[in-house]
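# Examination of the molecular architecture
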Amino acid sequence: MLWRGSQALRRFSTGRAHFKNKLKLALIGQSLFGQEVYSHLRKEGHRVVGVFTVPDKDGKTDPLALAAEKDGTPVFKFPRWRVKGKTIKEVAEAYKSVGAELNVLPFCTQFIPMDVIDSPKYGSIIYHPSILPRHRGASAINWTLIMGDKKAGFSVFWADDGLDTGPILLQKSCDVEPNDTVDALYNRFLFPEGIKAMVEAVQLIADGKAPRIPQPEEGATFEGIQKKENAEISWDQSAEVLHNWIRGHDKVPGAWTEINGQMVTFYGSSLLKSSVPSGEPLEIKGATKPGLVTKNGLVLFGNDGKALMVRNLQFEDGRMIPASQYFSAGETSVLELTAEEVKVAGTIKVIWAGILSNVPVIEDSTDFFKSGASSMDVVRLVEEIRQKCGGLQLQNEDVYLATKFEDFIQKVVRKLRGGESEEELVVDYVSKEVNEMTVKMPYQCFINGQFTDADDGKTYDTINPTDGSIICKVSYASLVDVDKAVAAAKDAFENGEWGRMNARERGRLMYRLADLLEENQEELATIEALDSGAVYTLALKTHIGMSVQTFRYFAGWCDKIQGSTIPINQARPNRNLTFTKKEPLGVCAIIIPWNYPLMMLAWKSAACLAAGNTLVLKPAQVTPLTALKFAELSVKAGFPKGVINIIPGSGGIAGQRLSEHPDIRKLGFTGSTAIGKQIMKSCAVSNLKKVSLELGGKSPLIIFNDCELDKAVRMGMGAVFFNKGENCIAAGRLFVEEAIHDEFVTRVVEEIKKMKIGDPLDRSTDHGPQNHKAHLEKLLQYCEAGVKEGATLVYGGRQVQRPGFFMEPTVFTDVEDHMYLAKEESFGPIMVISKFQNGDIDGVLQRANNTEYGLASGVFTRDINKAMYVSEKLEAGTVFVNTYNKTDVAAPFGGVKQSGFGKDLGEEALNEYLKTKTVTLEY
């Protein structure tokens, strides 16, 4: 929290604090905001001696009054405080009777007389949702958006006899995101931070530290409450100005225009960042260009040629429809209800009556909102219907689009009959003509079965490492998007079709998905080459090929997951049966790296889905495109909505939120050890969620002089340079026996010189670009460190002089155990070679194990006894003997020590996504 005084800035702490000084407070106001301020002030030890609020409306008590009455705090409900400019005597006496030292007005719609404002020892403080002196007056949040402000915020100020003109006590601001609405700003910032600020302000007063900073008149503005007649849209403006006007009036009073002779109000505006989709033209009075009714909504155009989209339309009779249904809005016929549907309608009528307790009889014409319902009642209605109507899942939007009881029942019946089933998947692709094909790439978040822009409209560029060009802009998931994805996954697991599906049907869907991956393998491999720099032929065989195999393997496991029966010690004459069940965990989070984007997705998500879980997956920020294409194919395979959710974005925002989220029961992560430790800590602190980690490695490869040298050279190079060295199990250090060391190095260099470095889409390319620029720079620094420490740079160590992020395959020798190169992973095409004395098996084993990592390892020798001895002594999750990089979907994969724990692949991977329940019964 910031406050201004003598140019000082004070940082507001969100932590719980206990202060010595406490005050007697009168709370004057209303609403949920007022209730929360009241509750938090009491928790901090202040004494609320009286609550002054509005009378009950339509038989409903204000939330502030409800909370105070429950606590036994005196509550006064005055319809007004003064008549003809004079304070009502009885009201003034009631107020003075509580003996308040400070008036707190968190949200108040009544005019409070100055003798009441000035009465307490410390006066009165008021919360206002703008950065004063800008936007004085009512509807400040609306005007913040209407005027296109880049900053929003609130002020807590000392009340005076002006309108929002009193001295400032403290202020706080936030950025306004491109697609923020009044609700979004309020819920994200103004509401939660405003509550904290009111508590902080009261304590500053109690401690004698509260400033009084006069408001400057420079920059001051005053705007009143917008009325419907003033909210008409003026079309000769830019798309951004139109968007600000519409979102600033959403939902009250609603920005409107004239279409076909009637007033139509627009709701749910967002700037259109992607290409304009196809649609049916709609003439709009005064608009410079007709709108377009598309599958996603109504596209509107500014005078700058840019576009925006609105989701919902409301007509003069109060009827609201999705904008996408404008041309079919009047085509819906009235349905005759079956006996079972009549029972459901009766149950819903009882639910409506319970919420609208002020309405004597619920009739067909009863309007939910005109009868006094609020947004909180919408949530209650949806949840009660789900509980009492066999799990029927409605959305909040369903209530807003059918506010009359008769219309609402018709909507419910259509859902019951499947008439409002999910629309065909709408994908807004980025298309490229490349690799002799048209590649179509989704770029938006995939949440609850639909592609959608990030909640705040943010995007970022994903880069082609071959030439550094921008492939496309990708949605940058916000915390709101993560929460939406988790909520969708949770609902799909607990209430959706997925949770009720039998295991064999689950396997059928996974087989179908594997088939689709295979059918689209050329396109997927091309996207992988564009987005990650993977050589196309390798992407086709490994990145995509192993992904297909992984889904097929785990599809076969779906109906073979089983528990066991256990004989236990029985207390005669009773007889007992004990058995175990393997059950899914629930919502799982998966965070994958950038080196094998699709294959890492498959390794984790296939086991997760086979076990019956739902998932939220965050691809690496730099390689999101194959994951989003996978999402599209999952819909085509028939996966129910919410089962698979993909949220591109940063680890610091989306990844951290996943690790902290209380509704996630398991997190699988592949990445660095440092980030793995942070994730493990967050998972523990939040809700002790289950974790599996595949982390960094420094895998040793020991080459004895009795090896088959041709094979050792060939596979040793593969161990290092496979996939440009961006390989978690890459041989981070080679130990070569002295007798063959020099020849081994010579032959490796000779083979490197034959490698073709170039475009990964060229079928003859051996070595493509590094994944991204920052990684290339890190590799070059790694080589510089090796040279400085005295290692011998035999070959490479430089960036290839061509566009893109290419690095020469590199070889270092004379690497000693204390050197940086010997200890740290490069994750690139850098061969680090150390010599060991002839015959010193135990010595080289000690050196090979002298690392905190333990992901993989390898040994080349013709002596089977030596091979078995070395494989037994090496401290690693995998040991390759006379081969390398030989992974298979049936073989468990994972590390030890600081390379992590838990397994991908094989039967063991299923256990990472299952829990065991023991059942004992007596008969």
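Residues numbered from 1 in each chain as written. Predicted model: local features only at pLDDT ≥ 70, side-chain atom pairs only at ≥ 80, totals over all residues. Heavy atoms only, no water.

Where an unreviewed UniProt entry is consulted, the protein appears under the name 10-formyltetrahydrofolate dehydrogenase, with the organism given as Lynx canadensis. What the UniProt record of the protein gives under Catalytic activity (unreviewed entry) is the line "(6R)-10-formyltetrahydrofolate + NADP(+) + H2O = (6S)-5,6,7,8-tetrahydrofolate + CO2 + NADPH + H(+)". (UniProt positions renumbered as here; feature names shortened; annotations may be inferred.)

This part takes up the sheet that holds strand 25 (residues 565–566). With antiparallel pairing, the 3 strands of this open sheet are ordered in space as 25-26-40. Sheet topology places strand 25 and strand 40 (914–922) at the edges, where each strand pairs with a single neighbour. Strand direction decides the pairing type here: strand 25 and strand 26 (residues 576–584), joined by 2 bridges, are antiparallel. Looking at the pairing, threonine 565 lines up with phenylalanine 579 of strand 26. (Pairing = 2+ DSSP bridges. Helix = DSSP H or I, 4+ residues; strand = E, 2+ residues; numbered from the N terminus.)

As a further point, take a nonpolar patch on the surface. Taken together, the side chains of Leu577, Leu921 and Tyr923 present a nonpolar region at the surface, about 270 Å² in accessible area. Within the secondary structure, leucine 577 is located in strand 26. (Patch = residues over 30% accessible without salt bridge, like charges linked within 9 Å, V, L, I, M, F, W, Y side chains within 5 Å. Areas by Shrake-Rupley, 256 points an atom, 1.4 Å probe, with all protein chains shown as cover. Salt bridge = Lys/Arg side-chain N within 4 Å of Asp/Glu carboxyl O.)

Attention shifts here to empty space enclosed by the protein. Throughout the structure, instances matching the rule amount to 4 cavities of 30 Å³ or more. One number sums up the size of the largest cavity: a volume of about 90 Å³. Every residue lining the largest cavity is counted, 15 residues in all, and those nearest its centre are Ala730, Ala731, Gly732, Ser826 and Phe827. When residues of the lining of the largest cavity are traced back to their parent elements, those giving at least two are strand 33 (731–737) and strand 36 (830–836). Among the residues making up the lining of the largest cavity, the classes are represented as 7 nonpolar, 5 polar and 3 charged. (1 Å grid on protein atoms, 1.4 Å probe; cavity = no way out; pocket = protein on both sides within 12 Å on 5 of 7 lines; lining within 4 Å. Points joined across faces, edges and corners; volume = space filled by probe spheres on them. Nonpolar A, V, L, I, M, F, W, Y, C, P; charged D, E, K, R; others polar.)

Below, the discussion takes up the pattern of salt bridges. Enumeration over the complete set of coordinates arrives at 41 salt bridges. Between glutamate 217 and arginine 136 there is a salt bridge whose closest N-O contact spans 3.3 Å. One end of the pair, glutamate 217, is in the loop between helix 6 (182–206) and helix 7 (239–248); the other, arginine 136, is in the loop between strand 9 (124–128) and helix 5 (140–146), with 81 residues separating them in the sequence. According to the relative accessible area criterion, glutamate 217 is exposed, its value standing at 57%. Across the pair arginine 508 and glutamate 505 runs a salt bridge whose closest N-O atoms are separated by 2.7 Å. Placement of both arginine 508 and glutamate 505 in helix 14 (residues 503–519) is noted, with a separation of 3 residues, approximately one turn of the helix. In this structure glutamate 505 comes out as partly exposed when scored by relative accessible area, which is 28%. Here the residues in one salt-bridge network are Glu523, Lys629, Glu632 and Lys636, joined through shared partners. (Buried < 20%, exposed > 50% of the residue type's maximum accessible area, 1.4 Å probe, protein only.)

Here the focus is the packing of helix 15 (residues 521–532) against helix 16 (residues 536–557). Packed helices, taken two at a time, are described by the angle their axes make and the gap between the axes. Taken N-terminus to C-terminus, the directions of helix 15 and helix 16 make an angle of 115 degrees; their axes are 9 Å apart at the nearest point. As far as their axial angle goes, helix 16 and helix 15 are roughly perpendicular. Our pair here, helix 15 against helix 16, has a crossing hand that is right-handed. Contacts from Gln521, Glu522, Leu524, Ala525, Thr526, Glu528 and Ser532 of helix 15 reach helix 16 at Tyr536, Ala539, Leu540, His543 and Ile544. (Axes fitted to C-alpha atoms, helices over the stretch in contact; angles between N-to-C directions. Parallel < 35°, antiparallel > 145°, perpendicular 65-115°, else oblique. Left-handed = near helix turned anticlockwise from the far one by under 90°. Contact = heavy atoms within 4.5 Å.)

This next bit is on helix 6. At leucine 190, helix 6 is deflected by roughly 35 degrees, the largest bend along its length, and proline proline 192 occurs up to four residues later in sequence. Directly after helix 6, the chain includes glycine 208, whose backbone phi takes a positive value near 70 degrees. (Bend = angle between axes of the 7 residues up to and from the residue.)

Turning our attention to unusual backbone geometry. Here the bond from leucine 132 into proline 133 is cis, since omega is 15 degrees, no more than 30 degrees from zero. Here proline 133 shows up in the loop between strand 9 and helix 5. If you check the backbone angles, asparagine 448 has positive phi at about 55 degrees while not being a glycine. Relative to the helices and strands, asparagine 448 is located in the loop between strand 21 (445–447) and strand 22 (450–452). A positive phi angle is found at lysine 897, which is not glycine, with a value near 55 degrees. For lysine 897, the position within the fold is in the loop between strand 38 (878–881) and strand 39 (900–901).

Moving on to the layout of surface pockets. A volume near 1100 Å³ is recorded for the second largest pocket. If you go around the second largest pocket, you meet 43 residues; those closest to its centre are Trp594, Phe669, Gly671, Ser672 and Ile675. Secondary-structure elements contributing two or more residues to the lining of the second largest pocket are helix 19 (651–660), strand 30 (666–670), helix 20 (673–687), helix 23 (773–789) and helix 24 (820–823). It is helix 20 that provides the largest number of residues to the lining of the second largest pocket, a total of 6 residues. Looking at the lining of the second largest pocket, its residues break down into 16 nonpolar, 19 polar and 8 charged. Summarising the domain contributions, the lining of the second largest pocket has at least three residues from each of domain 4 (457–625 + 639–694) and domain 5 (700–898). (Domains from an automatic or database assignment.)

Spatially, 5-4-3-8-9-10-11 is the arrangement adopted by the 7 strands of the open sheet, whose pairing is mixed. Each edge of the open sheet is held by one strand with a lone partner, namely strand 5 (75–77) and strand 11 (168–175). Neighbour-to-neighbour, the strand axes of this sheet turn through a mean angle of 15 degrees, independent of strand direction. Here 5 bridges tie strand 3 (residues 24–28) to strand 4 (residues 47–53), and the two strands are oriented parallel to one another. When the sheet's bridge partners are listed, lysine 24 is paired in strand 4 with arginine 47.

One pass over the full model with this rule turns up 0 disulfides. Left without a disulfide partner, cysteine 728 is nearest to the cysteine sulfur of cysteine 608, which lies 19 Å away. (Disulfide = S-S within 2.5 Å.)

Let's shift gears to the nonpolar core. Counting 109 residues, the largest nonpolar core has Met510, Phe551, Phe639, Ile703, Leu734, Phe744 and Met831 as the members making the most contacts within it. Take this core: its biggest share by element is 11 residues, from helix 17 (residues 597–610). Built from parts of two domains, this core gets at least three residues from each of domain 4 (457–625 + 639–694) and domain 5 (700–898). The residues touching leucine 734, leaving out its near neighbours within four places in the chain, are Leu701, Ile703, Val720, Phe744, Met831, Val832, Ile833 and Ser834. Within the second largest apolar cluster, 40 residues are counted, among which are Leu64, Ile125, Ile141 and Ile205. (Core = buried A, V, L, I, M, F, W, Y, C linked by side-chain atoms within 4.5 Å.)

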